[in-house]
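Below are the chains, spelled out letter by letter.
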Amino acid sequence: MQVYNFSLILQAMKKTALSLFICVFLLNNNAKSETIFEYVTSICTKYNIDGASFINFFQNAGIDIAAIDNYDMYVDVFKWLNTPYRYGGKTEYGIDCSHYVFKIQSEQEAYYTSSQLANITDFVAKEDLQEGDLVFFNTRGSGVSHVGLYLQNGKFTHASSSQGVTISSLNDKYWAARYVKAGRITNVKEPANPKPAQFQQKNTKDTDVIETINLYKQK
């Protein structure tokens, strides 16, 4: 007797239904030939990442997909998610906070501690934070001891000693109390897939597509 995995069948049906829904939505709204959703999905495909999972994860984390400037950076973040923390580590088997931000953001092979990074970056006011800036924290009571990479909307990614690579909020009580400063580094990676000009300005239809996808998933 053949046994069916109904959970996998249900997931496949949901993905098919979602794809059909998106197509109908775009046709009904006369959206342009390439939407943000399609562009992001094409980048994810290049890196063997499921586009729907990518979009769903970051939107649930409070990231505005249409407002992202460097999608390649987010692909890197997505790949490192849940990697366990290991002091001095720099591989998928374990990585620390400063190695992590360097892997994501810098072309240099050199390694700096979070404290050293704080000293070599250009100061950035909290209200002027941009995607890719570094955020520094005092978690031990003796100066800068932790670093993360700013994303948007108050969110940052980092290698947490308790959770591994994750996304947190600067507004969380724990991180807000330990925030020290932010900085900007030079020699950052140039994105392999620069954001097309037509997406540099937020497009209402693109945002509507993403929001509609979310509403549909919640049903």
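Residues numbered from 1 in each chain as written. Predicted model: local features only at pLDDT ≥ 70, side-chain atom pairs only at ≥ 80, totals over all residues. Heavy atoms only, no water.

1. Quick word on helix α3 (residues 51-60)
Here is step 1 of the chain: The set of residues buried in α3 consists of Gly51, Phe54, Ile55, Phe58 and Gln59. The buried residues of α3 occupy an angular sector of 115 degrees when projected down its axis, which confines them to one face.
Here is step 2 of the chain: Where α3 terminates, the next one or two residues include Gly62, which has phi positive at roughly 95 degrees. (Buried < 20%, exposed > 50% of the residue type's maximum accessible area, 1.4 Å probe, protein only. Helix = DSSP H or I, 4+ residues; strand = E, 2+ residues; numbered from the N terminus. Arc of directions from axis to C-beta.)

2. A few points about the side chain of Lys181
Here is step 1 of the chain: Among the secondary structure elements, Lys181 is positioned in strand β8 (residues 179-184).
Here is step 2 of the chain: No salt bridge is formed by the buried Lys181, whose closest oppositely charged neighbour, Asp122, lies at an N-O distance of 8.6 Å.
Here is step 3 of the chain: Among the polar contacts made by the side chain of Lys181, one reaches the main-chain carbonyl oxygen of Ala118 at a distance of 2.9 Å.
Here is step 4 of the chain: Discounting chain neighbours no more than four positions away, the residues touching Lys181 are Ala118, Thr121, Phe123, Leu134, Val135 and Phe136. (Lys, Arg positive; Asp, Glu negative; His and termini not counted. Salt bridge = Lys/Arg side-chain N within 4 Å of Asp/Glu carboxyl O. Polar contact = N/O pair within 3.5 Å; in protein donor to acceptor, adjacent residues only side chain to side chain. Contact = heavy atoms within 4.5 Å.)

3. Notes on the confidence of the model for the protein
Here is step 1 of the chain: Overall, the predicted model of the protein reaches an average pLDDT of 80, with 68% of residues at or above 70.
Here is step 2 of the chain: Least confident of the elements in the protein is helix α8 (residues 204-218), whose mean pLDDT is 47; most confident is strand β6 (residues 155-160), at 98.
Here is step 3 of the chain: Within the model, the stretch residues 202-206 combines pLDDT values under 50 with 11 contacts to residues more than four positions away or in other chains.
Here is step 4 of the chain: The low-confidence segment residues 215-219 (pLDDT under 50) makes six contacts with residues lying over four places distant or belonging to another chain. (pLDDT = per-residue confidence, 0-100.)

4. Quick word on the pattern of salt bridges
Here is step 1 of the chain: Counted under the stated rule, the structure contains one salt bridge.
Here is step 2 of the chain: The partner of Asp133 in a salt bridge is Arg184, and the shortest N-O contact between them spans 2.7 Å. Of the two residues, Asp133 sits in the loop between β3 (122-124) and β4 (134-137) while Arg184 sits in strand β8, which places them 51 residues apart along the sequence.
Here is step 3 of the chain: When its relative accessible area of 2% is taken as the criterion, Asp133 is described as buried.
Here is step 4 of the chain: Judged by relative accessible area, which is 30%, Arg184 ranks as partly exposed.

5. A short note on helix α5 (residues 97-105)
Here is step 1 of the chain: The buried fraction of α5 amounts to eight of the nine residues, a majority that puts the element mostly inside the structure.
Here is step 2 of the chain: When we look at burial in α5, the residues that qualify are Cys97, Ser98, His99, Tyr100, Val101, Phe102, Ile104 and Gln105.

6. Considering the packing of helix α2 (residues 36-46) against helix α4 (residues 71-80)
Here is step 1 of the chain: Remark: α2 packs on α4, axes separated minimally by 10 Å, with the N-to-C direction vectors making an angle of 55 degrees. Between α2 and α4, the angle is such that the two are oblique. The crossing of α2 and α4 is right-handed. Note on element contacts: α4 touches α2 through Tyr71, Asp72 and Val75, opposite Ile36, Tyr39, Val40 and Ile43.
Here is step 2 of the chain: Its residues assigned to classes, the contact of α2 with α4 shows six nonpolar, no polar and one charged. (Axes fitted to C-alpha atoms, helices over the stretch in contact; angles between N-to-C directions. Parallel < 35°, antiparallel > 145°, perpendicular 65-115°, else oblique. Left-handed = near helix turned anticlockwise from the far one by under 90°. Nonpolar A, V, L, I, M, F, W, Y, C, P; charged D, E, K, R; others polar.)

7. Description of the side chain of His158
Here is step 1 of the chain: Mapped onto the secondary structure, His158 falls in strand β6.
Here is step 2 of the chain: A polar side-chain atom of His158 sits 2.9 Å from a polar atom in the side chain of His146.
Here is step 3 of the chain: Within the structure, His158 has its side chain in polar contact with the side chain of Ser168 (distance 2.8 Å).
Here is step 4 of the chain: If we ignore the near neighbours within four places in the chain, the residues touching His158 are Tyr100, His146, Val147, Gly148, Gly164, Val165, Thr166, Ser168 and Trp175.

8. So, the nonpolar core
Here is step 1 of the chain: In this structure, Val40, Phe54 and Tyr100 are the most contacted members of the largest nonpolar core, which totals 40 residues.
Here is step 2 of the chain: Elements with a contribution of two residues or more to this core: α2, α3, α4, α5, α6 (114-120), β4, β5 (146-150) and β7 (164-169).
Here is step 3 of the chain: Apart from the residues lying within four places of it in its own chain, the contact partners of Phe54 are Val40, Cys44, Ile49, Tyr74, Val75 and Phe78. (Core = buried A, V, L, I, M, F, W, Y, C linked by side-chain atoms within 4.5 Å.)

9. Describing the sheet that holds β8
Here is step 1 of the chain: Spatially, the six strands line up as an open sheet ordered β3-β8-β4-β5-β6-β7, and their pairing is antiparallel. Each end of this open sheet is capped by a strand with a single partner; those strands are β3 and β7. The mean angle between the axes of side-by-side strands here comes to 35 degrees, regardless of whether they run parallel or antiparallel.
Here is step 2 of the chain: Pairing of β4 with β5 involves four bridges; the strand directions are antiparallel. Counted as the bridge partner of Phe137 is His146 from β5.
Here is step 3 of the chain: α5 rests against β4, β5, β6 and β7 of the sheet, and its axis sits at about 25 degrees to β5. (Pairing = 2+ DSSP bridges.)

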